[in-house]
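# Overview (structure and organization)
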Amino acid sequence: MTTQELVTQIHKKKSFLCIGLDIDLAKIPSHLLQEEDPIFAFNKAIIDATHHLAVAYKPNTAFYEAYGLQGWKALEKTINYLNKNHPEIYTIADAKRGDIGNTSTRYAKAFFSDLNFDSITVAPYMGEDSVVPFLEFENKHTILLALTSNRGAFDFQTKKVDGVEVYKKVIQTSQTWKNNRNLMYVVGATKAEYFKEIRAIAPHNFLLVPGVGAQGGSLAEVCKYGLNDEIGLLVNSSRGIIYASAEANFAEAAALKAKELQQEMEEILDKQ
């Protein structure tokens, strides 16, 4: 999916909501455990109830890998279901890959060619040659971890090197790489005060923003400094939506939570 196609969907749905599909069998409704594939059954119900409110879905691959082959098959079924039934939806493999070039080439093939995700999250610590294999795929996006929402982000990301914070160095340097137009950046909603400076470095790239909802990030603050002329934001909510209820009405409860965020986004977009 191209950036422009994503922007078109945002305007059409009046939403820049991304729903994280982080599946924990201990949290899904117990009646689904009787299904042949509980993980996919849960995902399908969430997607069916919320696809008109979201422009993107983001499975965190760790939550699937933890269940071995069963989990990986459920991930494959989920992405196939999205691509077949909702091809307008943007898909993100939250895999946080990043390794030497030949290894990254295999990761890129696995997620872009075999599973056909639109994008993947990548850790940039190993530098340009570990990221370039992902950027070589046409109409696919590479989402670099820049400033994350966890407490440990301050261990390294905000430390200064030659007077400049590491996360800024990451963004500045990556802006010089080939096909940098296909880059997006992860910036946590709990770090909203940093968005203005990030936008000065990367005014045109999309930002994937976790941390709204269960982690306490403010959508209004994120949008105040993070929006650009093409919206430029994908705001993710996972637990706050998909685990809104553990009862039989879980999908309807998820839709209600998604609708709350979508309506807030619509109000913000109408003021643009």
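Scroll up to find the structure.
An account of the accompanying structure is given in this report. Please read these numbers as outputs of a predicted model, since none were measured by experiment. (Residues numbered from 1 in each chain as written. Predicted model: local features only at pLDDT ≥ 70, side-chain atom pairs only at ≥ 80, totals over all residues. Heavy atoms only, no water.)

## Comments concerning the sheet that holds strand 3 (residues 90–97)
As summarised here, the arrangement of the eight strands in space is 1-2-3-4-5-8-9-10, forming a closed barrel in which the pairing is parallel. The average undirected angle you get between the axes of adjacent strands in this sheet is 30°. Examined bridge by bridge, strand 5 (residues 141–147) and strand 8 (residues 183–187) share five bridges and lie parallel to one another. Paired with Leu147 across the bridge in strand 8 is Val187. Sitting on the sheet, helix 1 (residues 3–13) touches strand 3, strand 5, strand 8, strand 9 (206–209) and strand 10 (233–237), and the angle it makes with strand 9 is about 60°. (Pairing = 2+ DSSP bridges. Helix = DSSP H or I, 4+ residues; strand = E, 2+ residues; numbered from the N terminus. Axes fitted to C-alpha atoms, helices over the stretch in contact; angles between N-to-C directions. Contact = heavy atoms within 4.5 Å.)

## Section: the environment of His204
Within the secondary structure, His204 is located in the loop between helix 9 (195–201) and strand 9. Look at His204 and you get exposed, because its relative accessible area is 67%. C-alpha separation for the pair His204 and Gly232, spaced 28 residues apart in sequence, amounts to 7.0 Å. Excluding its chain neighbours within four sequence positions, the residues that come into contact with His204 are Arg199 and Asn228. (Buried < 20%, exposed > 50% of the residue type's maximum accessible area, 1.4 Å probe, protein only.)

## A short note on a nonpolar patch on the surface
A contiguous nonpolar patch, built from Ile100, Tyr125 and Met126 and spanning about 390 Å² of accessible area, is present on the exposed surface. On the secondary structure map, Met126 appears in the loop between strand 4 (119–122) and helix 6 (128–135). Taking the relative accessible area as the measure of exposure, Met126 reaches 42% and is therefore partly exposed. (Patch = residues over 30% accessible without salt bridge, like charges linked within 9 Å, V, L, I, M, F, W, Y side chains within 5 Å. Areas by Shrake-Rupley, 256 points an atom, 1.4 Å probe, with all protein chains shown as cover. Salt bridge = Lys/Arg side-chain N within 4 Å of Asp/Glu carboxyl O.)

## Quick notes on helix 12 (residues 250–270)
If you check helix 12, its first and last C-alpha atoms are 30 Å apart, about what 21 residues at 1.5 Å a residue would give, namely 30 Å. All of the buried residues in helix 12 are Phe250, Ala251, Ala253, Ala254, Ala255, Ala258, Leu261, Gln262, Met265, Ile268 and Leu269. As for helix 12, its buried residues are in contact with helix 1, strand 1 (17–21), helix 2 (38–50), helix 10 (219–226), strand 10 and helix 11 (239–242). (Expected span 1.5 Å × (residues − 1).)

## Remarks on the nonpolar core
Ranked by internal contacts, the top residues of the largest apolar core, which has 91 residues, are Phe16, Leu233 and Leu234. It is helix 12 that contributes the most residues to this core, nine residues altogether. Setting aside its immediate chain neighbours within four residues, Phe16 contacts Ile10, Val55, Leu219, Cys223, Ile231, Leu233, Leu234, Val235, Met265 and Leu269. (Core = buried A, V, L, I, M, F, W, Y, C linked by side-chain atoms within 4.5 Å.)

## Structural notes on the packing of helix 2 against helix 4 (residues 68–85)
Where helix 2 meets helix 4, the closest approach of the two axes is 8 Å, and the angle between their N-to-C directions is 25°. Regarding the angle of helix 2 to helix 4, the classification is roughly parallel. The crossing of helix 2 and helix 4 is right-handed. Across from Pro38, Ile39, Phe40, Asn43, Lys44, Ile47 and Asp48 in helix 2, the residues of helix 4 making contact are Gln70, Gly71, Ala74, Lys77, Thr78, Tyr81 and Leu82. Partitioned by chemical class, the residues of the contact of helix 2 with helix 4 number seven nonpolar, four polar and three charged. (Parallel < 35°, antiparallel > 145°, perpendicular 65-115°, else oblique. Left-handed = near helix turned anticlockwise from the far one by under 90°. Nonpolar A, V, L, I, M, F, W, Y, C, P; charged D, E, K, R; others polar.)

## A word on unusual backbone geometry
Most peptide bonds adopt trans geometry, and most residues besides glycine take a negative phi value. Unusually for a residue other than glycine, Asn179 sits at a positive phi of about 60°. At Ile231, a position not held by glycine, the phi torsion is positive, near 75°. Its location among the elements puts Ile231 in the loop between helix 10 and strand 10.

## Remarks on the pairing of strand 10
Buried residues dominate strand 10, accounting for five of its five residues. Of the two faces of strand 10, the one holding Leu233, Val235 and Ser237 and the one holding Leu234 and Asn236 are both buried throughout. Of the pairings in the sheet, the one linking strand 1 to strand 10 comprises three bridges and is parallel in character. Looking across to strand 10, one finds that Leu17 is bridged to Val235. Note that strand 9 and strand 10 share three bridges and pair parallel. Across the sheet, residue Val209 finds its bridge partner in strand 10, namely Val235.

## Examining the side chain of Asn60
Tracing the chain through its elements places Asn60 in the loop between strand 2 (56–59) and helix 3 (62–65). Judged by its relative accessible area of 13%, Asn60 is buried. Residues contacting Asn60, with those up to four places away along its chain left out, are Leu21, Asp22, Asp94 and Lys96.

## As for the environment of Gly71
By secondary structure assignment, the location of Gly71 is in helix 4. Beyond its immediate sequence surroundings of up to four residues, Gly71 is in contact with Ile39 and Tyr64.

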